[in-house]
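The residues making up each chain are set out below.
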Amino acid sequence: MFLLLLCVTMSFVPVGSTAERNDAPIIGVLAQDLYQPAPGRSSYIAASYVKFLESAGARVVPVRINQTEKQYRALFNSINGVLYPGGGADIVSSGYGRAAGIFYKLAVEANLRGDFFPVWGTCLGFEELTYLTSGKVLLSHTNTSGVSLPLSFTNESRASRMFSGFPAYLLEAMGTKPLTENSHSWSITTKNFNDNPELKVFYKVLSTNTDGRTEFVSTVEGYDLPIYGTQWHPEKNAFEWKRPYIAHSPSAVRLTFFMADFFVSEARKSSHTFDSEEEERNALIYNHRPEAAAPKSIFEQLYYF
Ligand SMILES: *[C@@H]1O[C@H](CO)[C@@H](O)[C@H](O)[C@H]1NC(C)=O
Ligand SMILES: *[C@@H]1O[C@H](CO)[C@@H](O)[C@H](O)[C@H]1NC(C)=O
Ligand SMILES: *[C@@H]1O[C@H](CO)[C@@H](O)[C@H](O)[C@H]1NC(C)=O
């Protein structure tokens, strides 16, 4: 009887079931202009973002900058999520900002009509999201350009999608030990966030941090849409070694994995595909080779485009 009940129950669970799950998710990662372009290389993606997504079962396509809107739309319809990395691009006027804006608009429209498409912003990518959602640059200077911090979880974080699959010991470690790497000199303060109606209704704040003087928002998820942001860098703990303040403890590295696992799980809910296997093959980042970055770079490896 119990078994029968179970079978009946399972046949009524279409959403997120194995039948609909996309176990071959492909995620776009945004490139950005190099500070010092050289012949044949004008933009880059730090390899740690690619490894981050690959470690949890996704493949990656680079999203090149300065493409036409038509090209971005075709790519959007072929991939299952997009990640806006950290960096130094201008969130309003750069090619990175333009591409992020086009994908954001497409993602919001798609999600509202039931075509699931997750978006992730890390550091600069999160700052970009606050600009795209509010239409305003609401950032303030903070003293957070090279420090790992414990997250101050909000009460609302307990009911979050992002952290729902995290083991209790890991959440405990994230809230008490400096495991989240911050390398930004701009932040969205809790005050500016709360004073902006667009941001406040769009994002649930999951954590905050402070530089000792100014409290800022450090983790968000969209209330209704699968749009996520962290002011900190989940990818660095496992994959970047150039700075002494990056944590590499077992909990720190698991944090990298659980964050990647969450976002890739979201991408598995998207059913976009390339028109052909050949198109897919040509778009994947496997056609490019990461190179050791200069010793003074904060990155270990970079892809150049
Ligand atoms: C993108 O376009 C901007 C503005 O024309 C230009 O400065 C930049 O070098 C271009 N970058 C790439 C990677 O094409
Ligand atoms: C900035 O923060 C660091 C610690 O992360 C501290 O040593 C330094 O004194 C701070 N600087 C200012 C101007 O507050
Ligand atoms: C968070 O929850 C605790 C315990 O329920 C409560 O004491 C506290 O006031 C809450 N904080 C906020 C900001 O709502």
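So, a few notes on the structure that sits alongside this text.

Criteria and cut-off values
Residues numbered from 1 in each chain as written. Chains lettered and ligands numbered in written order. Predicted model: local features only at pLDDT ≥ 70, side-chain atom pairs only at ≥ 80, totals over all residues. Heavy atoms only, no water. 1 Å grid on protein atoms, 1.4 Å probe; cavity = no way out; pocket = protein on both sides within 12 Å on 5 of 7 lines; lining within 4 Å. Points joined across faces, edges and corners; volume = space filled by probe spheres on them. Helix = DSSP H or I, 4+ residues; strand = E, 2+ residues; numbered from the N terminus. Nonpolar A, V, L, I, M, F, W, Y, C, P; charged D, E, K, R; others polar. Phe/Tyr/Trp six-rings, centres within 6.5 Å; stacked < 30°, edge-to-face > 60°. Buried < 20%, exposed > 50% of the residue type's maximum accessible area, 1.4 Å probe, protein only. Lys NZ or Arg CZ within 6 Å of the ring centre and 35° of its normal. Polar contact = N/O pair within 3.5 Å; in protein donor to acceptor, adjacent residues only side chain to side chain. Contact = heavy atoms within 4.5 Å. Pairing = 2+ DSSP bridges. Axes fitted to C-alpha atoms, helices over the stretch in contact; angles between N-to-C directions.

### With respect to the layout of surface pockets
Unoccupied space between atoms shows up once a probe the size of one water molecule is rolled over them.
Logical step 1: In this structure, the largest pocket occupies an estimated 660 Å³ of space.
Logical step 2: In this structure, the largest pocket is lined by 26 residues; those nearest its centre are Tyr35, Tyr44, Ser297, Ile298 and Phe299.
Logical step 3: Contributions of two or more residues to the lining of the largest pocket are made by strand E2 (32-38), strand E3 (41-46), helix H5 (124-134), strand E9 (180-187) and strand E14 (301-304).
Logical step 4: By residue class, the composition of the lining of the largest pocket is 13 nonpolar, 9 polar and 4 charged.
Logical step 5: Here the second largest pocket is characterised by a volume of approximately 330 Å³.
Logical step 6: For the second largest pocket, the lining is made up of 15 residues, of which Pro62, Arg64, Gln67, Leu75 and Ala283 are closest to its centre.
Logical step 7: Elements that contribute at least two residues to the lining of the second largest pocket include exactly strand E4 (59-63), helix H3 (69-76) and helix H11 (277-283).
Logical step 8: For the lining of the second largest pocket, the element with the highest residue contribution is H3, accounting for 4 residues.
Logical step 9: Looking at the lining of the second largest pocket residue by residue, the classes come out as 8 nonpolar, 5 polar and 2 charged.

### Let's talk about the packing of aromatic side chains
Logical step 1: Counting across every chain of the model gives 13 aromatic pairs.
Logical step 2: Where Tyr44 meets Phe299, the ring centres are 6.2 Å apart and the plane angle is 50°; that geometry is what we call tilted. Of the two residues, Tyr44 is situated in strand E3 and Phe299 in the loop between strand E13 (291-292) and E14; the sequence distance between them amounts to 255 residues.
Logical step 3: What makes Tyr44 buried here is its relative accessible area of 8%.
Logical step 4: Ring centres of Phe163 and Phe166 lie 5.2 Å apart, and the angle between their planes is 90°; on these two criteria the pair is classed as edge-to-face.
Logical step 5: In this structure, Arg41 packs its charged tip against the face of Tyr304, placed 3.8 Å from the ring centre.

### Structural notes on the side chain of Thr130
Logical step 1: Along the polypeptide, Thr130 turns up in helix H5.
Logical step 2: Separated by 2.7 Å, the side chain of Thr130 and the backbone oxygen of Glu127 make a polar contact.
Logical step 3: The residues touching Thr130, leaving out its near neighbours within four places in the chain, are Gly135, Lys136, Leu139, Ile188 and Leu199.

### Comments concerning the environment of Arg64
Logical step 1: Positionally, Arg64 belongs in the loop between E4 and H3.
Logical step 2: By relative accessible area, which is 34% here, Arg64 ends up partly exposed.
Logical step 3: Residues Arg64 and Ala31 lie 33 residues apart in sequence; the distance between their C-alpha atoms is 5.4 Å.
Logical step 4: If near-sequence neighbours (up to four positions away) are discounted, Arg64 is found in contact with Ala31, Tyr72, His288 and Phe305.

### Quick look at the sheet that holds strand E6 (residues 119-122)
Hydrogen bonding along the main chain pairs the strands of a sheet, whether they run parallel or antiparallel.
Logical step 1: In spatial order, the strands read E4-E1-E5-E6-E12-E11-E10-E8; together these 8 strands make up an open sheet with mixed pairing. Whereas interior strands pair on both sides, the edge strands pair on one side only; in this sheet they are E4 and strand E8 (152-153).
Logical step 2: Bridging between E6 and strand E12 (residues 227-230) involves 4 bridges; their strand directions are parallel. Along E12, the bridge assignment pairs Gly121 with Gly229.
Logical step 3: The strands that H5 touches are strand E5 (82-84), E6, strand E10 (203-210), strand E11 (215-222) and E12; relative to E6, the one it contacts most, it runs at about 120°.
Logical step 4: Helix H10 (residues 250-267) contacts strand E1 (26-30), E5, E6 and E12 of the sheet and is inclined by roughly 155° relative to E6.

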